[in-house]
Amino acid sequence: MIGLFDVDGTILDSMSIYENLGYNYLKSLGICANGDLNEILYPMTFRQSATYLKKHYLLKASIDDIMLSLQNNIYDYYKNKVLLKDGIREVLETLYQLDYPLYIVTSSTKELVDISFNRLKINHYFRNIYTCDDLLLSKEDKRFYLEIMNQLQVDAKDCIVFEDNAYSALAAKQCGIRVIGIKDQYARGNIESIADIYIENWRDLNENSFNDCR
């Protein structure tokens, strides 16, 4: 079995920083955000988010400066604050001791993965990091997983994806890859209906879960 692990919402309990990024930025300026700000910014890129904040809240800072502030807030969070999801360290240690090859598949950047994993001392569990930036593909595109399998020279039947996002899980399923879904309060979509195995906590995972995926 080859394990392909998502990062945000799966390994790291990090999704809150993205959900509240615009809100916290405005709060730091003494500005009260609209209640639906998180939903508005969710599908946007950093530049689109910065442009929206500047125009809607009449900010004096330039779009580039707003983007830099948002990115600095995220960097600081990953470097100093983000925590592991409950039980994941034990799962990784078990799989590592069983000599399962483990890889990261993420829409985050290698820099954020590295600084957080080094602090949390889990980087040694993984053999490589595959990012959307590197592959120039979204995780919601099945070609993302096809390219990873091609690089690893493995078949779908040999892989398991660990994921909290329903749309990324669906892309993996379209390739024939089995999926173990993990609950996250900020996750979009209904991964429970897509995953082969669905768990609410990493401590619910056991050896039978892998057998059930075969």
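Look up a bit, the structure's there.
About the criteria used
- Residues numbered from 1 in each chain as written.
- Predicted model: local features only at pLDDT ≥ 70, side-chain atom pairs only at ≥ 80, totals over all residues.
- Heavy atoms only, no water.
- Helix = DSSP H or I, 4+ residues; strand = E, 2+ residues; numbered from the N terminus.
- Buried < 20%, exposed > 50% of the residue type's maximum accessible area, 1.4 Å probe, protein only.
- Pairing = 2+ DSSP bridges.
- Right-handed = clockwise from strand over helix to strand, strands pointing away.
- Axes fitted to C-alpha atoms, helices over the stretch in contact; angles between N-to-C directions.
- Contact = heavy atoms within 4.5 Å.
- Salt bridge = Lys/Arg side-chain N within 4 Å of Asp/Glu carboxyl O.

Asker: Before we go on, may I ask you to explain the environment of Pro43 in this structure?
Answerer: For Pro43, the location among the structural elements is in the loop between helix 3 (37–41) and helix 4 (46–56). Residue classification places Pro43 among the exposed positions, given a relative accessible area of 63%. It is 19 Å that separates the C-alpha atoms of Pro43 and Asp6, two residues lying 37 residues apart in sequence.

Asker: What's the story with the pairing of strand 4 (residues 159–163) in this structure? I'm lost.
Answerer: Consecutive residues of a regular strand have side chains that alternate between opposite faces of the sheet. For strand 4, the buried fraction is high: 5 of the 5 residues fall into the buried class. What you see with strand 4 is no split at all: Cys159, Val161 and Glu163 on one side and Ile160 and Phe162 on the other are buried throughout. In this structure, strand 4 lies alongside strand 5 (residues 178–182), joined through 4 bridges in parallel fashion. Pairing of Val161 across the sheet is with Val179, part of strand 5. Running through helix 10 (residues 166–174), the crossover from strand 4 to the neighbouring parallel element strand 5 is right-handed.

Asker: What is the right way to look at the sheet that holds strand 4 in this model?
Answerer: Either a parallel or an antiparallel arrangement is found when strands of a sheet pair, and the pairing is made through backbone hydrogen bonds. What the 6 strands build is an open sheet, ordered 3-2-1-4-5-6; its pairing is parallel. Two strands close off the open sheet at either side, each with one partner strand: strand 3 (128–131) and strand 6 (197–199). The average undirected angle you get between the axes of adjacent strands in this sheet is 20°. Relative to strand 4, strand 1 (residues 2–5) runs parallel, the two sharing 4 bridges. In the sheet register, Gly3 faces strand 4, and the bridge partner there is Ile160. Together, strand 1, strand 2 (102–106), strand 3 and strand 4 form the strand contacts of helix 9 (residues 142–152), whose direction differs from that of strand 3 by roughly 150°.

Asker: Is there a simple way to explain the pattern of salt bridges in this structure?
Answerer: Working definition: two side chains of opposite charge can pair if their charged atoms are close together. Across all of its chains, the model carries 13 salt bridges by this definition. A salt bridge links Asp99 to Arg127, with the shortest nitrogen-to-oxygen separation between them at 3.7 Å. On the criterion of sequence distance, the pair formed by Asp99 in the loop between helix 6 (88–97) and strand 2 and Arg127 in the loop between helix 7 (110–120) and strand 3 is long-range, its members being 28 residues apart. As far as the burial class goes, Asp99 and Arg127 line up, both exposed. Where Lys139 meets Glu163, a salt bridge forms, and the shortest distance between an N and an O atom there is 2.7 Å. Highlighted residues: Lys139 in the loop between helix 8 (132–135) and helix 9 and Glu163 in strand 4, separated in sequence by 24 residues. Accessibility assignment for this pair places Lys139 and Glu163 in one class, buried.

Worth remembering: the numbers are spatial, not functional.
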